[in-house]
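Secondary and tertiary structure notes
Spelled out from the first residue to the last, the chains are:
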Amino acid sequence: MSAQNGADLVRYELRGPVAVIGLNRPEKRNAISDSVVNAIDAAVGRAAREAKAAVIYGAGPHFCAGLDLAEHVEKSLMEAVENSRHWHRVFDRIERGTIPFVVALQGAVVGGGFELAASAQIRVAERSAFFGLPEGQRGIFVGGGGSVRIGRLIGEARMADMMLTGRVLTAEEMERWGGVSYLAEEGGALDKAIELAERMASNASFSNYAVLNALPRIRDMSSEDGLFLESVISALTTASPEAEERLRAFLEKRAAKVKAPGHG
Ligand code: 1HE
(Lines give C-alpha, C1' and ligand atoms only; values in the text may rest on other atoms or scores of the structure.)
Protein backbone atom coordinates (compact mmCIF):
# COMPACT_ATOMS: atom_id res chain seq x y z
CA MET A 1 0.00 0.00 0.00
CA SER A 2 1.36 3.44 -0.87
CA ALA A 3 2.29 5.87 1.90
CA GLN A 4 -0.54 8.18 2.93
CA ASN A 5 0.06 11.88 2.49
CA GLY A 6 -0.35 14.30 5.41
CA ALA A 7 -3.87 15.31 4.46
CA ASP A 8 -5.05 11.68 4.59
CA LEU A 9 -3.30 10.95 7.87
CA VAL A 10 -5.33 13.55 9.71
CA ARG A 11 -8.85 14.51 8.71
CA TYR A 12 -10.04 18.06 9.23
CA GLU A 13 -13.58 19.38 9.18
CA LEU A 14 -15.01 22.69 10.33
CA ARG A 15 -18.48 22.27 11.89
CA GLY A 16 -19.65 25.78 12.65
CA PRO A 17 -17.24 27.18 15.25
CA VAL A 18 -15.75 23.73 16.03
CA ALA A 19 -12.82 22.13 14.20
CA VAL A 20 -13.08 18.35 14.19
CA ILE A 21 -9.67 16.73 13.75
CA GLY A 22 -9.39 12.97 13.20
CA LEU A 23 -6.27 10.82 13.44
CA ASN A 24 -6.76 8.69 10.35
CA ARG A 25 -4.32 5.81 10.31
CA PRO A 26 -6.52 3.07 11.76
CA GLU A 27 -4.56 0.24 10.09
CA LYS A 28 -1.62 1.22 12.36
CA ARG A 29 -3.93 2.05 15.28
CA ASN A 30 -3.28 5.77 14.64
CA ALA A 31 0.37 5.42 15.69
CA ILE A 32 2.06 8.80 15.51
CA SER A 33 4.80 8.92 12.85
CA ASP A 34 6.72 12.07 11.90
CA SER A 35 4.19 12.70 9.12
CA VAL A 36 1.29 12.27 11.56
CA VAL A 37 2.72 14.74 14.06
CA ASN A 38 3.26 17.24 11.23
CA ALA A 39 -0.30 16.72 10.05
CA ILE A 40 -1.60 17.23 13.61
CA ASP A 41 0.45 20.44 13.75
CA ALA A 42 -1.09 21.71 10.50
CA ALA A 43 -4.62 20.85 11.64
CA VAL A 44 -4.13 22.49 15.05
CA GLY A 45 -2.76 25.63 13.37
CA ARG A 46 -5.70 25.77 10.97
CA ALA A 47 -8.17 25.25 13.82
CA ALA A 48 -6.59 28.13 15.76
CA ARG A 49 -7.09 30.39 12.74
CA GLU A 50 -10.70 29.56 11.93
CA ALA A 51 -12.40 27.81 14.87
CA LYS A 52 -13.31 28.72 18.44
CA ALA A 53 -12.84 25.23 19.87
CA ALA A 54 -11.64 21.87 18.56
CA VAL A 55 -12.09 18.14 18.98
CA ILE A 56 -9.51 15.44 18.30
CA TYR A 57 -10.63 11.84 17.76
CA GLY A 58 -9.10 8.65 16.37
CA ALA A 59 -10.59 6.74 13.43
CA GLY A 60 -11.30 3.04 14.01
CA PRO A 61 -11.53 1.07 17.26
CA HIS A 62 -8.53 2.74 18.95
CA PHE A 63 -7.78 6.37 19.72
CA CYS A 64 -4.00 6.09 19.35
CA ALA A 65 -1.25 3.48 19.88
CA GLY A 66 1.34 6.18 20.62
CA LEU A 67 4.67 6.71 18.97
CA ASP A 68 5.24 4.91 15.67
CA LEU A 69 7.74 2.35 16.93
CA ALA A 70 8.72 1.19 13.43
CA GLU A 71 9.95 4.69 12.59
CA HIS A 72 11.44 5.29 16.04
CA VAL A 73 13.70 2.25 15.97
CA GLU A 74 15.64 3.86 13.08
CA LYS A 75 16.36 7.16 14.88
CA SER A 76 19.75 8.34 16.14
CA LEU A 77 20.15 9.89 19.62
CA MET A 78 19.91 13.45 18.31
CA GLU A 79 17.02 12.63 15.99
CA ALA A 80 15.14 11.19 18.96
CA VAL A 81 15.76 14.34 21.03
CA GLU A 82 14.65 16.60 18.18
CA ASN A 83 11.62 14.43 17.58
CA SER A 84 10.58 14.72 21.23
CA ARG A 85 11.09 18.50 21.20
CA HIS A 86 8.94 18.72 18.07
CA TRP A 87 6.13 16.80 19.81
CA HIS A 88 6.46 19.23 22.71
CA ARG A 89 5.97 22.22 20.40
CA VAL A 90 2.94 20.70 18.70
CA PHE A 91 1.24 19.50 21.90
CA ASP A 92 2.01 22.82 23.56
CA ARG A 93 -0.12 24.54 20.91
CA ILE A 94 -2.98 22.32 22.07
CA GLU A 95 -2.43 22.85 25.79
CA ARG A 96 -1.58 26.55 25.72
CA GLY A 97 -2.88 27.81 22.40
CA THR A 98 -5.76 30.15 21.70
CA ILE A 99 -8.71 27.72 21.53
CA PRO A 100 -9.71 24.86 23.84
CA PHE A 101 -9.48 21.20 22.79
CA VAL A 102 -11.53 18.13 23.71
CA VAL A 103 -10.35 14.59 22.91
CA ALA A 104 -12.78 11.74 22.23
CA LEU A 105 -11.27 8.44 23.35
CA GLN A 106 -11.99 4.78 22.64
CA GLY A 107 -9.85 1.63 22.69
CA ALA A 108 -6.12 2.13 23.15
CA VAL A 109 -4.98 5.44 24.62
CA VAL A 110 -1.41 4.39 24.92
CA GLY A 111 2.00 6.03 25.34
CA GLY A 112 2.15 9.07 23.08
CA GLY A 113 -1.60 8.72 22.52
CA PHE A 114 -2.15 9.37 26.22
CA GLU A 115 0.36 12.25 26.02
CA LEU A 116 -1.68 13.78 23.19
CA ALA A 117 -4.88 13.29 25.17
CA ALA A 118 -3.28 14.87 28.24
CA SER A 119 -2.47 18.04 26.30
CA ALA A 120 -6.19 18.72 25.69
CA GLN A 121 -8.25 20.50 28.31
CA ILE A 122 -11.03 17.88 28.37
CA ARG A 123 -11.02 14.10 27.87
CA VAL A 124 -14.20 12.20 27.01
CA ALA A 125 -13.79 8.41 27.12
CA GLU A 126 -16.00 5.56 25.96
CA ARG A 127 -16.09 2.52 28.25
CA SER A 128 -13.84 0.62 25.81
CA ALA A 129 -10.99 3.08 26.37
CA PHE A 130 -7.90 1.75 28.12
CA PHE A 131 -4.87 3.68 29.24
CA GLY A 132 -1.29 2.45 29.32
CA LEU A 133 2.24 3.77 29.37
CA PRO A 134 4.27 0.84 27.99
CA GLU A 135 7.43 2.90 27.54
CA GLY A 136 9.19 0.95 30.31
CA GLN A 137 8.47 -2.36 28.58
CA ARG A 138 9.69 -0.93 25.26
CA GLY A 139 12.94 0.31 26.81
CA ILE A 140 12.17 3.97 26.19
CA PHE A 141 10.67 6.91 28.11
CA VAL A 142 7.78 9.29 27.56
CA GLY A 143 8.79 12.01 25.09
CA GLY A 144 5.59 13.84 24.20
CA GLY A 145 5.28 15.89 27.38
CA GLY A 146 3.83 13.08 29.50
CA SER A 147 6.23 13.44 32.41
CA VAL A 148 4.87 16.95 32.91
CA ARG A 149 1.26 16.69 31.76
CA ILE A 150 0.29 13.14 32.74
CA GLY A 151 2.19 13.40 36.03
CA ARG A 152 0.27 16.53 36.93
CA LEU A 153 -3.03 15.20 35.67
CA ILE A 154 -3.15 11.91 37.58
CA GLY A 155 -0.24 12.31 40.02
CA GLU A 156 3.38 11.30 39.73
CA ALA A 157 3.06 8.12 41.83
CA ARG A 158 0.25 6.79 39.63
CA MET A 159 2.18 7.61 36.48
CA ALA A 160 5.26 5.86 37.87
CA ASP A 161 3.08 2.80 38.68
CA MET A 162 1.81 2.69 35.08
CA MET A 163 5.32 3.03 33.65
CA LEU A 164 7.06 0.65 36.04
CA THR A 165 4.50 -2.16 36.29
CA GLY A 166 2.77 -1.82 32.92
CA ARG A 167 -0.54 -1.26 34.72
CA VAL A 168 -3.39 -0.62 32.27
CA LEU A 169 -6.48 1.25 33.42
CA THR A 170 -10.07 1.16 32.23
CA ALA A 171 -11.96 4.35 31.41
CA GLU A 172 -13.80 4.19 34.74
CA GLU A 173 -10.55 3.73 36.66
CA MET A 174 -8.94 6.61 34.80
CA GLU A 175 -11.95 8.78 35.56
CA ARG A 176 -11.42 8.03 39.27
CA TRP A 177 -7.77 9.04 38.83
CA GLY A 178 -8.79 12.34 37.25
CA GLY A 179 -7.43 11.54 33.78
CA VAL A 180 -10.90 11.32 32.20
CA SER A 181 -13.33 14.22 32.50
CA TYR A 182 -16.47 12.54 31.08
CA LEU A 183 -17.50 8.93 30.45
CA ALA A 184 -19.54 8.19 27.31
CA GLU A 185 -21.38 5.15 25.99
CA GLU A 186 -19.80 3.14 23.16
CA GLY A 187 -19.80 5.23 19.99
CA GLY A 188 -20.83 8.33 21.92
CA ALA A 189 -17.53 10.05 22.73
CA LEU A 190 -17.25 12.11 19.55
CA ASP A 191 -20.78 13.54 19.80
CA LYS A 192 -20.24 14.37 23.46
CA ALA A 193 -16.87 15.97 22.67
CA ILE A 194 -18.44 18.11 19.92
CA GLU A 195 -21.26 19.16 22.27
CA LEU A 196 -18.69 20.26 24.88
CA ALA A 197 -16.60 22.04 22.25
CA GLU A 198 -19.68 23.93 21.01
CA ARG A 199 -20.35 25.03 24.56
CA MET A 200 -16.77 26.25 25.00
CA ALA A 201 -16.89 27.98 21.61
CA SER A 202 -19.71 30.19 22.89
CA ASN A 203 -17.54 31.56 25.75
CA ALA A 204 -15.67 34.84 25.48
CA SER A 205 -12.47 34.07 23.53
CA PHE A 206 -10.28 35.90 26.02
CA SER A 207 -11.74 33.96 28.96
CA ASN A 208 -10.94 30.71 27.16
CA TYR A 209 -7.46 32.00 26.35
CA ALA A 210 -6.89 32.85 30.01
CA VAL A 211 -8.01 29.39 31.14
CA LEU A 212 -5.61 27.71 28.70
CA ASN A 213 -2.65 29.96 29.34
CA ALA A 214 -2.98 31.24 32.88
CA LEU A 215 -4.01 28.08 34.75
CA PRO A 216 -0.94 25.96 33.91
CA ARG A 217 1.39 28.91 34.49
CA ILE A 218 -0.22 29.88 37.79
CA ARG A 219 0.13 26.25 38.91
CA ASP A 220 3.90 26.63 38.36
CA MET A 221 4.11 29.90 40.34
CA SER A 222 4.24 30.67 44.04
CA SER A 223 0.79 31.29 45.57
CA GLU A 224 1.60 34.98 45.94
CA ASP A 225 2.61 35.39 42.28
CA GLY A 226 -0.32 33.28 41.15
CA LEU A 227 -2.84 35.37 43.05
CA PHE A 228 -1.32 38.57 41.67
CA LEU A 229 -1.53 37.33 38.08
CA GLU A 230 -5.07 36.10 38.67
CA SER A 231 -6.14 39.61 39.75
CA VAL A 232 -4.55 41.22 36.71
CA ILE A 233 -6.21 38.80 34.30
CA SER A 234 -9.50 39.08 36.14
CA ALA A 235 -9.41 42.87 35.81
CA LEU A 236 -8.46 42.63 32.13
CA THR A 237 -11.40 40.36 31.36
CA THR A 238 -13.82 42.52 33.35
CA ALA A 239 -12.79 45.59 31.35
CA SER A 240 -13.30 43.87 27.97
CA PRO A 241 -16.33 44.90 25.85
CA GLU A 242 -17.31 41.24 25.55
CA ALA A 243 -17.59 40.91 29.34
CA GLU A 244 -19.57 44.11 29.64
CA GLU A 245 -22.17 42.86 27.16
CA ARG A 246 -22.33 39.41 28.77
CA LEU A 247 -22.68 40.80 32.28
CA ARG A 248 -25.43 43.18 31.12
CA ALA A 249 -27.20 40.34 29.32
CA PHE A 250 -27.40 38.44 32.60
CA LEU A 251 -28.60 41.45 34.59
CA GLU A 252 -31.26 42.14 31.95
CA LYS A 253 -32.34 38.48 32.12
CA ARG A 254 -31.26 37.79 28.53
CA ALA A 255 -28.62 35.20 29.51
CA ALA A 256 -28.98 31.66 30.84
CA LYS A 257 -28.78 31.06 34.58
CA VAL A 258 -26.52 28.43 36.09
CA LYS A 259 -28.71 25.33 36.41
CA ALA A 260 -28.35 22.45 38.83
CA PRO A 261 -27.26 19.19 37.08
CA GLY A 262 -30.21 17.27 35.60
CA HIS A 263 -32.43 20.37 35.26
CA GLY A 264 -31.87 20.94 31.51
C1 1HE B 1 2.06 -0.01 15.43
C2 1HE B 1 1.94 0.56 16.71
C3 1HE B 1 2.93 1.50 17.11
C4 1HE B 1 0.30 -0.80 16.43
N5 1HE B 1 3.92 1.77 16.24
N6 1HE B 1 3.07 0.30 14.61
N7 1HE B 1 3.05 2.09 21.81
C8 1HE B 1 2.89 0.81 22.17
O9 1HE B 1 3.78 0.18 22.72
C10 1HE B 1 1.59 0.19 21.77
C11 1HE B 1 1.81 -0.87 20.72
N12 1HE B 1 0.55 -1.33 20.15
C13 1HE B 1 -0.26 -2.21 20.78
O14 1HE B 1 -0.06 -2.61 21.93
C15 1HE B 1 -1.44 -2.72 19.99
O16 1HE B 1 -1.17 -2.51 18.61
C17 1HE B 1 -2.79 -2.03 20.34
C18 1HE B 1 -3.22 -2.47 21.75
C19 1HE B 1 -2.68 -0.51 20.27
C20 1HE B 1 -3.85 -2.45 19.31
O21 1HE B 1 -3.88 -3.89 19.22
P22 1HE B 1 -4.56 -4.58 17.95
O23 1HE B 1 -4.54 -6.06 18.19
O24 1HE B 1 -5.87 -3.93 17.66
O25 1HE B 1 -3.62 -4.20 16.69
P26 1HE B 1 -2.22 -4.82 16.23
O27 1HE B 1 -2.45 -6.07 15.43
O28 1HE B 1 -1.28 -4.95 17.38
O29 1HE B 1 -1.63 -3.66 15.32
C30 1HE B 1 -2.11 -3.42 13.98
C31 1HE B 1 -0.96 -2.87 13.18
O32 1HE B 1 -0.57 -1.62 13.76
C33 1HE B 1 0.29 -3.76 13.26
O34 1HE B 1 0.99 -3.60 12.04
P35 1HE B 1 0.89 -4.75 10.88
O36 1HE B 1 1.76 -4.22 9.80
O37 1HE B 1 1.33 -6.02 11.52
O38 1HE B 1 -0.58 -4.78 10.49
C39 1HE B 1 1.09 -3.13 14.36
O40 1HE B 1 2.47 -3.39 14.25
C41 1HE B 1 0.81 -1.66 14.11
N42 1HE B 1 1.03 -0.86 15.29
N43 1HE B 1 0.84 0.04 17.30
C44 1HE B 1 3.98 1.17 15.04
N45 1HE B 1 2.88 2.11 18.29
C46 1HE B 1 6.99 10.60 22.17
S47 1HE B 1 7.38 9.28 23.10
C48 1HE B 1 6.00 8.27 23.21
C49 1HE B 1 6.43 6.89 23.54
C50 1HE B 1 5.36 5.91 23.23
O51 1HE B 1 4.34 6.20 22.69
S52 1HE B 1 5.72 4.32 23.72
C53 1HE B 1 4.28 3.42 23.41
C54 1HE B 1 4.25 2.85 22.01
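Residues numbered from 1 in each chain as written. Predicted model: local features only at pLDDT ≥ 70, side-chain atom pairs only at ≥ 80, totals over all residues. Heavy atoms only, no water.

1. Remarks on the overall build of the protein
The line we're drawing: Per the convention used, a helix needs a DSSP run of H or I reaching at least four residues, while a strand needs a run of E reaching at least two, with both numbered from the N terminus. Throughout, radius of gyration means the C-alpha value; the globule benchmark is 2.2 Å times the number of residues raised to the power 0.38. Exposure categories follow from relative accessible area, calculated using a 1.4 Å probe and restricted to protein chains: below 20% of the type maximum is buried, above 50% is exposed, and the middle band is partly exposed. Here a residue-residue contact requires only that any non-hydrogen atoms of the pair lie within 4.5 Å. Per-residue accessibility takes into account occlusion by the displayed protein chains alone, with areas from the Shrake-Rupley method and a 1.4 Å probe. Only four residue types enter the tally: Lys and Arg on the positive side, Asp and Glu on the negative side, with His and both chain ends excluded. To locate a charge, take atom NZ for lysine, CZ for arginine, CG for aspartate or CD for glutamate.
On a plain count of helices and strands, the protein comes out with 13 helices and nine strands. The globule rule puts the C-alpha radius of gyration for 264 residues at 18 Å, and the 19 Å found for the protein is close to it. Scored against the burial criterion, the 264 residues of the protein give a buried share of 44%. Considering only residue pairs separated by 6 or more positions, the protein has 70% of its internal contacts joining residues 24 or more positions apart. Surface summary for the protein: the accessible area is close to 13800 Å², and the carbon and sulfur share equals 56%. Counting 31 positive and 34 negative side-chain charges, the protein places the centres of these two groups 4 Å from one another.

2. A few points about the pairing of strand β4 (residues 101–105)
As a reminder, the rule being used: By the convention used here, strands pair only if DSSP detects at least 2 bridges between them.
Counting buried residues along β4, five of its five residues qualify, which places the element largely inside the surrounding structure. Side chains F101, V103 and L105 project from β4 onto one buried face, and the interleaved V102 and A104 project onto a second face that is buried too. One ladder, built from four bridges, connects β4 with strand β6 (residues 122–126); its direction is parallel. Bridge pairing links V103 to R123 in β6.

3. A short note on the environment of I140
By secondary structure assignment, the location of I140 is in the loop between α6 (135–138) and α7 (146–154). A residue is classified by how much of its surface remains accessible, and I140, at 31% relative accessible area, is partly exposed. As a C-alpha pair, I140 and G151 span 11 residues in sequence and 17 Å in three-dimensional space.

4. Looking at the domain arrangement of the protein
Rules: How far each domain reaches was decided by an automatic or database domain assignment. Accessible-area loss on putting two parts together, using a 1.4 Å probe and summing over both, is the definition of buried area adopted here. One side-chain nitrogen of Lys or Arg within 4 Å of one carboxyl oxygen of Asp or Glu is enough to make a salt bridge. Here a polar contact means two N or O atoms within 3.5 Å. Within protein one must be a hydrogen donor candidate and the other an acceptor candidate, and residues neighboring in sequence count only if both atoms are side-chain atoms. For this classification, Asp, Glu, Lys and Arg are treated as charged, while Ala, Val, Leu, Ile, Met, Phe, Trp, Tyr, Cys and Pro are nonpolar and the rest, including Gly, are polar.
What the domain assignment reports for the protein is domain 1 (7–201) and domain 2 (205–251). Across the boundary between the two partners, domain 1 contributes 10 residues, which contact nine residues of domain 2. A buried area of about 830 Å², summed over both sides, lies between domain 1 and domain 2, and 46% of it is on carbon and sulfur atoms. For domain 1, the biggest contributors to the area lost against domain 2 are R96, T98 and R152; these three give 56% of the whole. Counting every contact that joins domain 1 to domain 2 gives one salt bridge. Notably, a salt bridge pairs D220 with R152, separated by 3.1 Å at the nearest N-O pair. For the interface between domain 1 and domain 2, the tally reads three residue pairs in polar contact (both at pLDDT 80 or more). For the side of domain 1 that touches domain 2, the class distribution of residues is three nonpolar, three polar and four charged.

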